Amino acid sequence: GLMNAGEYSVIQSLNQVHSIWAGAGSLSAQSGTNYFVANGATDTTEAPWIQTITVNPGDIIVSTTNAPVYYRFQAYIASVYPAEPPQLAFEMSLNNSGAWQELTTSTAPENFDVWYLTYRDGYFLSAPTTISFRLRNTIAAEGGNDLAIDSIYFGLSTQAPDYLDNPINSIGPITGGVVPEPGTWAAAALLVGTAGFVRWRRKG
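Residues numbered from 1 in each chain as written. Predicted model: local features only at pLDDT ≥ 70, side-chain atom pairs only at ≥ 80, totals over all residues. Heavy atoms only, no water.

**Q** Can you walk me through the overall build of the protein in this structure?
**A** A tally of regular secondary structure across the protein gives one helix and 11 strands. Of the regular secondary structure in the protein, the N- to C-terminal order runs β-α-β-β-β-β-β-β-β-β-β-β. Of the contacts formed within the protein by residues at least 6 apart in sequence, a portion of 76% connects residues at least 24 apart. (Helix = DSSP H or I, 4+ residues; strand = E, 2+ residues; numbered from the N terminus. Contact = heavy atoms within 4.5 Å.)

Encoded structure:
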């Protein structure tokens, strides 16, 4: 049971871990069968999820002929108790620099037991060697502040599960440099483990 602040688990039903969360089990996984759930802690510096990915040569190809390469980070979040909705900040750090950049900060909707999509689009101007992600809950309340997360995605924007319904909403550089006018570049990228070669065409 997740009765104390700062405890978390991966579950199929809320009633596995807390008897009063969201009607004790009415929140189904956004996709698949499992999702992450946590009793929000009061220490907003803690990160219940940190992951570092090593970028192998060829995973992300960025050159003068195809930059910028557009990516998307997205996740589904939910509040599982009708008090003090959690505010979740997803952050990224490149090349083990220790400098964290905000990807998204979203407050789960007060109508708890509902999945909410949070996402950000951006682009690479050069290929990183490592990409680190972390999650922080920025609300310090002990009562309420309970959260669920499902279906985290990071990859090419056009291959994101919800791309067609949620086109690019914000664009920014990750590694610095000149910011191109959105939608005016032709770009191509080969991301190992995805469907393969993807092209963006000039708009307008």
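Right, picking up where we left off after that structure.
**Q** Would you explain the pattern of salt bridges in this entry?
**A** For side chains bearing opposite charge, pairing can occur when the charged atoms are close. Counted by the stated rule, this structure contains three salt bridges. The closest approach of N and O atoms between Asp121 and Arg72, which form a salt bridge, is 2.7 Å. Of this pair, Asp121 sits in strand E7 (residues 116-124) while Arg72 sits in strand E4 (residues 69-79), placing them 49 residues apart in sequence. On the basis of relative accessibility, which here comes to 0%, the residue Arg72 falls in the buried class. The residue Arg136 makes a salt bridge to Glu91 at a minimum N-O spacing of 3.2 Å. (Salt bridge = Lys/Arg side-chain N within 4 Å of Asp/Glu carboxyl O. Buried < 20%, exposed > 50% of the residue type's maximum accessible area, 1.4 Å probe, protein only.)

**Q** Looking at this structure, I do not really get the sheet that holds strand E6 (residues 101-107). What am I missing?
**A** By definition, the strands of a sheet pair up through backbone hydrogen bonds, in either a parallel or an antiparallel sense. As summarised here, the arrangement of the four strands in space is E3-E8-E5-E6, forming an open sheet in which the pairing is antiparallel. The strands lining the two open edges of the sheet, one partner per strand, are strand E3 (49-54) and E6. For this sheet, the mean inter-axis angle between neighbouring strands, taken without regard to orientation, is 15°. Of the strand pairs in this sheet, E3 and strand E8 (residues 130-137) are connected by six bridges, and their pairing is antiparallel. (Pairing = 2+ DSSP bridges. Axes fitted to C-alpha atoms, helices over the stretch in contact; angles between N-to-C directions.)

**Q** Please explain the sheet that holds strand E9 (residues 146-156) as it appears in this structure.
**A** As summarised here, the arrangement of the five strands in space is E1-E2-E9-E4-E7, forming an open sheet in which the pairing is antiparallel. Looking at which strands have only one partner, the edges of the open sheet turn out to be strand E1 (8-11) and E7. Here the average twist between neighbouring strands, direction ignored, is 25°. The pairing of E4 with E9 spans eight bridges and is antiparallel. Bridge pairing in E9 places Ala78 opposite Ala148.

**Q** Could you clarify how one ought to interpret the nonpolar core in this entry?
**A** Here is a general trend for soluble globular proteins: nonpolar side chains tend to be buried in one another's company. Among the nonpolar cores identified, the biggest contains 24 residues, and Phe90, Ile131 and Ile149 are the most heavily contacted of them. In terms of residues, this core owes the most to one element, E4, which gives five residues. Ile131 has contacts with Gln51, Thr52, Ile53, Val55, Ile60, Met92, Ser93, Leu94, Phe124 and Phe154, leaving out every residue within four places of it along the chain. Grouped together as the second largest cluster of nonpolar side chains are 15 residues, Leu2, Trp115, Leu117 and Tyr119 included. (Core = buried A, V, L, I, M, F, W, Y, C linked by side-chain atoms within 4.5 Å.)

Purely spatial values, then, with no claim about function.
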